[in-house]
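# Observations on chain architecture
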Amino acid sequence: MRRCRVLAISLIAGLILAGCGNRTEMNELGITTATGFDGHKGNWTVTYQVITPSAIGSGGASGGGGSQAAIHTFSTQGKTIREAVAASSLENPRRLYFAHTNTVFIGKQAAEDGIAEIIDNYYRNPDARQTVKVFIADGEARTYLKKLIPPEKFPGQALAKILQKNKQMSSVYPSVSIHELALKISSDSGAAGVPEISIKGGGDSEKLESMDIFNQTTPASKLSLSRLSIFSKDKKVASLNQKESKALSWLTNQVDTTTLSNEGEHADLSAYLIRKAKVKVTPVKGPQRYTLKVNAKVIGELVETTTDEAISTPQGMNRLQQQAEEVIEAQIREGWEDVQKLKIDLLGIANKIHRKYPQDWRQLKGKWPDEMANMDIDINVKVNIRRPGLFQNSFSKLLETEQ
Amino acid sequence: MVAGRTSRIPSRRYCPKVSGSAVIVLDGIQSALAVSITGGTRRSVEEPSSQTVIRGPKEGFTEDISINITLIRRKLRTPDLKFESHIIGKVTQTTVILAYIEGIADPEVVQEVTRRLQSIDTDSILESGYIEEFIQDAPLTPFPTMLNSERPDTVAGSLLDGQVAILIDGTPFALIAPVTFFNFFQTAENYYQRYDISTFLRGVRLLSFLVSLLLPSVFIALTTFQQEMIPTTLLVTLAAQREGAPFPALLEALLMELTFEVIREAGVRMPRAIGPAISIVGALVIGQAAVEAGLVSGAMVIVVAFTAISNFVIPYFSMAASIRLLRFILMLLAGTLGLFGILAGVIPILAHLVSLKSFGVDYLMPYSPFYKSNMKDLLIRVPWWAMKTRPNEKSGPNKTRQAPHQFPAGSDNIINRINKPDTQD
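Just so you know, the residues in each chain are numbered from 1, in the order the chain's sequence is written. Think of it this way: whatever chain is written first is A, whatever ligand is written first is 1, and the rest follow in order. Totals for whole chains, interfaces and linings use every residue, but because this is a predicted model, local features are given only for residues with pLDDT of at least 70 and side-chain atom pairs only at 80 or more, for both listing and counting. To obtain the side-chain values, all non-hydrogen atoms of the structure were included, while hydrogens and water were left out.

## Some points on the overall build of chain B
On a plain count of helices and strands, chain B comes out with twelve helices and nine strands. Each of the three principal axes of chain B carries a C-alpha extent, and together these read 90 × 80 × 45 Å. Using a 1.4 Å probe on the protein chains alone, a residue whose accessible area is under 20% of its type maximum counts as buried, one over 50% counts as exposed, and one in between counts as partly exposed. Across the 425 residues of chain B, 47% fall into the buried class. If you take every contact in chain B between residues at least 6 apart in sequence, the share linking residues at least 24 apart comes to 63%. Of the roughly 21,400 Å² of accessible surface on chain B, 63% is carried by carbon and sulfur atoms. Note on charges: Lys and Arg go in the positive column, Asp and Glu in the negative column, and His and the chain ends are not counted at all. Note that the charge is assigned to NZ on lysines, CZ on arginines, CG on aspartates and CD on glutamates. Of the side-chain charges in chain B, 38 are positive and 37 negative, and the distance between the mean point of each set is 5 Å. Under the scheme used here, helices are H or I runs from DSSP no shorter than 4 residues and strands are E runs no shorter than 2 residues, and both carry numbers assigned from the N terminus. In what follows, a contact means two residues having at least one pair of non-hydrogen atoms within 4.5 Å. With residues, only the protein chains shown are counted as cover, and all accessible areas are computed by Shrake-Rupley using a 1.4 Å probe.

## Considerations on the nonpolar core
If you look at the biggest cluster of nonpolar residues, it comprises 63 residues, and the most contacted ones within it are A:F105, A:W250, A:L292, A:V294, A:W336 and A:I349. How far each domain reaches was decided by an automatic or database domain assignment. Counting the residues that make up this core, at least three belong to each of domain 1 (26-240) and domain 2 (242-403) of chain A. Not counting residues within four places of it along the chain, the set of residues in contact with A:I349 comprises A:P283, A:L292, A:W336, A:W368, A:M372 and A:M375. Put simply, buried Ala, Val, Leu, Ile, Met, Phe, Trp, Tyr and Cys residues joined by side-chain atoms within 4.5 Å make one nonpolar core. Counting residues in each nonpolar core, the second largest holds 43 residues, with B:F61, B:V155, B:M319 and B:M375 among its members.

## Describing the interface of chain B and chain A
Between chain B and chain A, the residue contacts involve 28 residues of the former and 25 residues of the latter. Where chain B abuts chain A, roughly 2,400 Å² becomes buried across the two surfaces, and 65% of that area is made up of carbon and sulfur atoms. By buried area we mean how much accessible surface two parts lose on assembly, using a 1.4 Å probe and totalling the loss over both. Sorting the residues of chain B by area buried against chain A places B:T232, B:V236 and B:E243 first, and these three jointly supply 24% of that buried surface. A salt bridge links A:E25 to B:R242, with the shortest nitrogen-to-oxygen separation between them at 3.4 Å. Should a side-chain nitrogen of Lys or Arg be within 4 Å of a carboxyl oxygen of Asp or Glu, the pair is scored as a salt bridge.

## Some remarks on the domain arrangement of chain A
All names here are of chain A. For chain A, the assigned domains are domain 1 (26-240) and domain 2 (242-403). Each partner contributes to the interface: domain 1 provides 23 residues, whereas domain 2 provides 21 residues. Summing the contributions of domain 1 and of domain 2, the shared interface buries around 1,800 Å²; its carbon and sulfur component is 55%. Between the two partners, domain 1 and domain 2, sit one salt bridge. Residue D256 pairs with K167 through a salt bridge whose shortest N-O separation is 3.6 Å. Under the rule applied, a polar contact is a pair of N or O atoms within 3.5 Å (in protein, one hydrogen donor and one hydrogen acceptor; residues adjacent in sequence only if both atoms are side-chain atoms). For the pair domain 1 and domain 2, the interface holds twelve residue pairs in polar contact (both at pLDDT 80 or more). Examining the composition of the side of domain 1 that touches domain 2, we find that five residues originate from one element, strand β8 (residues 222-232), more than from any other. Note on residue categories: nonpolar means Ala, Val, Leu, Ile, Met, Phe, Trp, Tyr, Cys or Pro, charged means Asp, Glu, Lys or Arg, and polar means any other residue, Gly included. Residue classes in the side of domain 1 that touches domain 2 are distributed as twelve nonpolar, eight polar and three charged.

## Considerations on the pattern of salt bridges
Residue and element names in this part refer to chain A. Within this structure, the stated rule accounts for 42 salt bridges over all chains. The residue R227 makes a salt bridge to D138 at a minimum N-O spacing of 3.4 Å. With R227 in strand β8 and D138 in the loop between β6 (133-137) and α5 (141-145), the pair connects residues that are 89 residues apart, well separated along the chain. When the shortest N-O distance is used, the salt bridge between D234 and K235 registers 3.6 Å. When its relative accessible area of 38% is taken as the criterion, K235 is described as partly exposed.

## Notes on empty space enclosed by the protein
Over the atoms rolls a probe the size of a water molecule, and its path tells where empty space is left. Residue and element names in this part refer to chain A. A cavity, in this analysis, means grid points on a 1 Å lattice covering only the protein atoms where a 1.4 Å probe fits yet has no way out; a pocket is instead an open set bounded by protein on both sides within 12 Å along at least five of seven lines, and a residue lines either one if it has an atom within 4 Å of a point. Grid points are joined across faces, edges and corners, and a volume is the space filled by probe spheres set on the points. Enumeration over the complete set of coordinates arrives at six cavities of 30 Å³ or more. Estimated volume of the second largest cavity: approximately 90 Å³. Residue assignment for the lining of the second largest cavity shows that the elements contributing at least two residues are β1 (29-40), α2 (81-87) and α4 (116-124). The element best represented in the lining of the second largest cavity is α2, accounting for three residues. In the lining of the second largest cavity, the residues fall into seven nonpolar, three polar and two charged.

## Considering the confidence of the model for chain A
Predictor confidence is given residue by residue as pLDDT, running from a minimum of 0 to a maximum of 100. Averaged over chain A, the pLDDT score is 87; the fraction of residues at 70 or greater is 95%. Across residues 59-65 of chain A, confidence stays below pLDDT 50; counting only partners more than four residues off in sequence or on other chains, it has twelve contacts.

## A look at the side chain of B:R151
Residues and elements named next belong to chain B. Examined against the element boundaries, R151 turns out to sit in the loop between β5 (147-149) and α4 (152-160). By relative accessible area, R151 is classed as buried at 3%. A polar atom in the side chain of R151 sits 3.1 Å from the backbone oxygen of Q51. A polar side-chain atom of R151 sits 2.9 Å from a polar atom in the side chain of D153. Leave out the neighbours within four places in its chain, and R151 touches P48, Q51, V53, P57, F61 and A188.

## What about a nonpolar patch on the surface?
Residue and element names in this part refer to chain B. Residues qualify for a patch when their relative accessible area is over 30% and they have no salt bridge, like charges being joined within 9 Å and the nonpolar side chains of Val, Leu, Ile, Met, Phe, Trp and Tyr within 5 Å. A contiguous nonpolar surface patch, about 510 Å² in accessible area, is contributed by I24, L26, I29, L33, V35 and I37. Locating L26 in the fold gives a position in the loop between β1 (21-25) and β2 (32-36). Of the residues examined, L26 reaches a relative accessible area of 43% and is grouped as partly exposed.

## Here we look at the pairing of strand β7 (residues 174-177) of chain B
Residues and elements named next belong to chain B. Residues A174 and I176 line one face of β7 and the alternating positions L175 and A177 line the opposite face, and both faces are buried. Think of it this way: DSSP has to see at least two bridges between two strands before they count as a pair. Sheet topology note: the strand β6 (residues 164-168)/β7 ladder contains three bridges and is antiparallel. In the strand pairing of β7, V164 is matched with A177. Where β6 folds back onto β7 in an antiparallel hairpin, the turn is made up of five residues, including G170, whose phi is positive at roughly 100°.

See the structure below:
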C-alpha cells in the first residue's frame, strides 16, 4: 500500500511538474518550408517561407482556402543569424519551426562573403536540420523566397523535388545538403559545387509573388536551376554553366539517369537513355606529375535515332556504342579542362591522393592547385547499349529502302 | 441429485428441501434419498448473443446448470471428465461446478481452484463475476485473469488444453482458468476456420489491441510534442485541420473519447426499439456536426472512431474493458510528456503484465518465460495436424494431443495407389 502511495504521488507530481511545459499545438507552429540567408558577418537578413495551413485542403472549420496563398514570407535582421531568428517574434505570432524545412537559399552576396556562420548555425542547433538542400540564389535570397512555383503549393518543397527529379532524370546538377556541403568544403580538396537558382524568362518576375500566377497557363518567368556555384572553402568563387556542370557530374560519378544525344558522321542524330553509369576516378603517380585515370562503365539504351546503321546487327550496334563513347569522353575532357582552368579541386582528387599517397601529400599540400592544373588525364569509356527499343532500324532508313 | 453422493457437503449448508428435491425417508434406515424433481420453465438452448461465430456450433449455455453440464458432456464423452459440485452462498445456495479432465488438467491447479472456491464465504452468488472477483489472483489488476465464455465448445476446448472450467447455476457464463494474456485473442472460430486466415486474424486482433490502447495517445504526443516525426505533407494537412480548433489536442481527445463512451453505454442501456437513434446521434451529431461546427478536428474524430472500432475486435469483453481504462491514463501521460509519457506508461504496464499470474501460470507465459513449443498457437495458428502437444503452461501430466506425422498425403496417396500396379506389371 505504501509503495502504491509513493508511486501515485510521484506519478501525479511528475504530471503536474511537467505541466505540459513544452507542449505546442500545431496551430501555434509556423512550419517553415524554406529559409534564406542574405548579408554578411555582422549583418544578417534571414527570410522565412512559412506555410499557411488554412490555405490547404478542406481544413475543417476554416474551410478550403482556394485563392489564399499557401505560404507567407517575411524577413528579419540581426547582428547574428540567431538574433535575426529571435527578432521574428516581433512580427510573427507563431513559433518558427524548422524541422520540416526542405531548402535553404543563400544569397549571392552572402555566398561570396562566406557561409561558415550559416553552417555553424545548422550544426549547433537541434531544430535546424543539416539535411536541407542548399541553393544559391542569383541575387538576394529574400526575393527568391517570395516566388511561387506553379503548380506546387510550397516553393520550398517544390525546389527540393525539382532537384530530386533532376538527379533522377538528367543528373545535370548535384543535390547537396548542408551536411554534404560542409563535408566537401572542409575536406582536403576544399571545394564543392552547389546548384544555383535564377529567374528564367524575361517577364515581370514579381507576378510570381501572387496567387494569380496559378490562373495563368504560361507564366512569363519561372524559377529554374541555371548554374552550378563553385565554392572554394566557404566562399563562392565561380559558376559553371549547365554543360560544364553535366561534365562534372560524370567525373564525380553522380550520373544516375540521363539522356545523351550525339551527331553521327552523316549528320544523323541518336539519343541514348543512360540507365546506369559508374565512373571511377583514380589519381596515379607518374614520374613527373600525377595522372587522373577515369574509367567509365555506362549502360544505356537507344531511344531515338535517324542513323543509317543496321541496328539489328552487332556491327551496327558497335558503331553506335563507339559514337556514344566518344560523346561521353568529350564531355568528360571538357569538364576536366574547366576544372583545371579554375584550379579548384571539385572532384575531390586531393582526398584520394591524401589517402593513397599520404607521404607525398605533405609536399603536395602547399602547391596543390598548381599541381592539379598540371595533371594529365586518361579517359576510358565503355558504353553498353542493351536495347534498341521496340523498333529495329531507324524509320528514316526504312523510308530510304522503300524508295 | 442424490444426497449420498454429495456427502462431502455439510448437511447444514445443503438442504434438499429448498433445492426442489423430493426426499424419500425410509423407516429403519439412517440416511434418506433425495430425488431431484426440479421443475419450472427455463430458457432453451439458443445461439450465444455475446460470442457469435460464422462457422461453428451455434449453441450457447443457458441459466440452467444441468443443461450446461449436458452440453459439455455431449462434446467430451470420456469418463475422465469430472464435475465437482460446490454450494456457495448462504442465502442463494448456488450450485457451482468445477469441471476438468482428469489426467489432462494439472492436479495442483484443480486443488488450488477447489481451495479458493471453498474459502468463499458470502450470502450470494448471482453471476460468474462474483466468483471471479473472489478467487482471482491479483485483485487490483485491470487485466482479467479468468476468461468467461458462454460457448460450450470454447469450454470443451479449454478443458482439452488442460484448463479447468467453473460453471455457475443461474448464468450462461462459465469461467475458465488458468489463462494467459494471449488466450484473450483466441476465439473458438480460430480453430474451425483454416489456419491461414486464423493466423491472419490473430495478427489483426493483436494490432487492434495496440491501436485501441495507443492510437489516441500517440496521436496526441505526435501532434503536440514530436511534430518532427510526422511527414511534412501530413503535418500540413493536420495543421490545416487544427486551424481555429478551440481546444488543445489532449482535451479534444478526452472529450471525444468520453463522448464515445457515453454513446456506447447509452447503446447498451437503450430499449432495442429506439436503438438506431444512437447511431444517428453518434454518426451525425457527434461526428459530422462537431467537425463542421469547428469544435473538433476531423483527424481526431477519425482517430477516436478507429480506436473505438478496434476495441470491438478484441474477442473478450473483459480484456477490451481493461484497455478502455488504460487508454485514458496513457492519453493523460501523452498530453503532458509526449512520447516519453507514453513510454512511461507502457513500461509499467508491461512490467505489471510480466509479474501477473493466473492460478500459478505466468500471464505472458509462452513469451516470458519463453516456451518454444507453445509458439504454434499464438501469433500463428498451425494446422491441426501439426498440433501434436497441448500448451505446456496449462496442462498437467498428459501433454500429447495426437499422433505425430499426420500431414495429409492427399492426392499423393491416390497417385501411389494407381501407379503401384503398373510398376509391378
